[in-house]
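# Breakdown of the fold
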Amino acid sequence: MFSETGRVAVKEKERQEEKQGDDSTKRLANTEDASETDLAKHDEDDYVEIKEQMYQDKLASLKRQLQQLQEGTLQEYQKRMKKLDQQYKERLRNADLFLQLETEQVERNYIKEKKAAVKEFDDKKVELKENLIAELEEKKKMIENEKLTMELTGGKEPRTILLILLSRRDRNGLNYLLTDEQIMEDLRTLNKLKSPKRPVSPSSPEHVPSAPMENPSQRYEARIEEGKLYYDKRWYHKSQAIYLESKDNTKISCVISSVGTNEIWVRKTSDSTKMRIYLGQLQRGAFVIRRRSAA
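What you see as residue numbers is a count from 1 along each chain, following the sequence as written. Only residues with pLDDT of at least 70 are given local features in this predicted model, and only at 80 or more are side-chain atom pairs given and counted; all residues enter the totals for whole chains, interfaces and linings. Excluding hydrogens and water, the side-chain figures rest on all heavy atoms present in the structure.

Looking at an unreviewed UniProt entry, one finds the chain named SDS3 homolog, SIN3A corepressor complex component and attributed to Dicentrarchus labrax. UniProt positions are given in the numbering used here, feature names are shortened, and annotations may be inferred rather than shown by experiment. Per its UniProt entry, the chain bears the Subcellular location (unreviewed entry) comment "Nucleus".

### A short note on the sheet that holds strand β5 (residues 234-236)
Strand pairs in the sheet, formed through backbone hydrogen bonds, run parallel or antiparallel to each other. Each pair of strands is called paired provided DSSP finds at least two bridges between the two strands. Labels follow the DSSP assignment, with helices taken as runs of H or I lasting at least four residues and strands as runs of E lasting at least two, numbered in each case from the N terminus. Taken together, 3 strands build an open sheet; the order of strands is β3-β4-β5 and the sheet is antiparallel. The strands lining the two open edges of the sheet, one partner per strand, are β3 (222-225) and β5. Across the sheet, the mean angle from the axis of one strand to that of its neighbour is 25°, orientation sign disregarded. Strand direction decides the pairing type here: strand β4 (residues 228-231) and β5, joined by 3 bridges, are antiparallel. Paired with Y231 across the strands is R234, a residue of β5. An axis is simply a line fitted to the C-alpha atoms; with a helix, the fit covers only the stretch in contact. Between two such axes, the angle follows the N-to-C directions and lies from 0 to 180 degrees.

### Quick word on a nonpolar patch on the surface
Only residues whose relative accessible area exceeds 30% and that take part in no salt bridge are eligible for patches, with like-charged residues grouped when within 9 Å of each other and nonpolar side chains (Val, Leu, Ile, Met, Phe, Trp, Tyr) grouped when within 5 Å. Note on areas: Shrake-Rupley, 1.4 Å probe, and residue coverage restricted to the protein chains presented here. For this document, the term salt bridge refers to a Lys or Arg side-chain nitrogen within 4 Å of an Asp or Glu carboxyl oxygen. On the surface, a nonpolar cluster with roughly 450 Å² of combined accessible area is contributed by L66, L69, Y77, M81 and L84. Per-element tally for the nonpolar patch: the top contributor is helix α2 (residues 75-153), with 3 residues. Of note, M81 is situated in helix α2. Each residue is placed in one exposure class: buried if its accessible area under a 1.4 Å probe, protein chains only, is under 20% of its type's maximum, exposed if it is over 50%, and partly exposed if it falls in between. Judged by its relative accessible area of 38%, M81 falls in the partly exposed class.

### Considerations on the pattern of salt bridges
In the structure shown here, the tally under the stated rule is 11 salt bridges. Its salt-bridge partner being R290, residue D232 comes within 4.0 Å of it at the nearest N-O pair. Separated by 58 residues along the polypeptide, D232 in the loop between β4 and β5 and R290 in strand β10 (residues 287-291) bring together distant segments of the chain. Residue classification places D232 among the partly exposed positions, given a relative accessible area of 34%. Look at R290 and you get partly exposed, because its relative accessible area is 34%. Within the structure, one salt-bridge network assembled from shared partners comprises E221, R223 and E225.

### Regarding the nonpolar core
Put simply, a nonpolar core is a bunch of buried Ala, Val, Leu, Ile, Met, Phe, Trp, Tyr and Cys residues held in one set by side-chain atoms that sit within 4.5 Å of each other. L229, Y231, V266 and I289 are the most contacted members of the largest nonpolar core, which totals 22 residues. Going through the elements one at a time, β3, β4, β6 (241-246), β7 (251-259), β8 (263-268), β9 (274-278), α5 (279-284) and β10 are the ones with two or more residues in this core. Each residue touching Y231, except ones within four places of it in the same chain, is listed here: Y220, E221, A222, Y236, L282, F287, V288 and I289. The contact criterion used throughout is that any non-hydrogen atoms of two residues lie within 4.5 Å.

### Some thoughts on the packing of aromatic side chains
The pairing test for Phe, Tyr and Trp rings, Trp by its six-membered ring, is centres within 6.5 Å, and the orientation test on the planes gives stacked under 30 degrees, edge-to-face over 60, and tilted for anything in between. Applying the stated criterion to the full structure yields 3 aromatic pairs. Ring centres of Y220 and Y231 lie 5.7 Å apart, and the angle between their planes is 25°; on these two criteria the pair is classed as stacked. Of this pair, Y220 sits in the loop between α4 (180-194) and β3 while Y231 sits in strand β4; the two residues are 11 residues apart in sequence, bridging distant segments of the chain. Three or more aromatic residues joined by ring pairs make a cluster, and in this case those are Y220, Y231 and Y236. Definition used: whenever NZ (Lys) or CZ (Arg) falls within 6 Å of the ring centre and also within 35 degrees of the ring normal, the charge is taken to sit over that ring. In this structure, R291 is placed above the aromatic ring of Y236, and the distance from its NZ or CZ to the ring centre is 5.3 Å.

The structure is reproduced here in C-alpha cells:
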C-alpha cells in the first residue's frame, strides 16, 4: 500500500497531466479558431476580387459594344436596322400602290367628265344650229309670203292679210304654220274674195278662219332668260309638261321641246306635232300656259 505521501504525489501528477491536457485542448481550439478566421478572411478577399473582375469584364463589354455601335458593326444594331429597313420599304411600296390607284381613278374620272362635256357640247351645238336654221327658215318664209301677198293685194293691208295667210286653226282650235300649198290655196282664196262679183258667205268652204281673238286689256308677263321661259310669275324649261290654252278655252296637252330667244316650241302629246309660240302671243294672251303633271 502506498503511503499518504505517495498518494498525494500521484494525485498531484494527475492534476498536472490533466492541466496539461486542458492546455493542449485550449491551444488546439485556439489554433482551429485562428484557422477558420484566416480562411474566412481569405474567402472574403477572393469574393471582392471576383466581383471587381466581373465589373471590369462587364464594363469592358459595354465599351466594346458601344464602339461597335458607333462603327455600325454591332449585331443587335444590324438586326434592328434590317427590320426597320424592311418596314420602311414596305411603307414605300404601299404608298406607291395607293398613288397608282388614286391616279388611275382620277384619270378615269377625267376621261368620263371629258366625254360627258364633249357630248353635251355637241348636243347643244346641234340643238342651237337646228333652232337657228328653223328660225331663219321661218323668217325667210315670212318675208317671201309678205312679198307675195303685197304683189297679190297691191300693197293694201299686207300685215292683216299676212297674219291670215300664216295662221289656220286645226281641229283643236290652235294655230299652226301652213305649208306652201296651203299658203297658195289661201292666196287664191284671197284673190277671189277681192272680186266684188263673188261674195263669200261665212259658211262657205272658202271662208278662212282668223287667229284667236285677243283681249288687249289683259297682258301677261313673259320673257326668256338663260334658256328658260318666265311666264305669269312661273319658270318653264325644256321638256316640261304643260297645257296650252287658246282663247276659245281649248286645252291641249304639250311638252316644251325647246326655248329660243323670242319664242318656244311645244310638242303635242296626242300626235307629236310641233308648234311655235312667240313671246308676243303669250304677252297678249293669245295663248295661255298652265303647268301639268308629267305622269
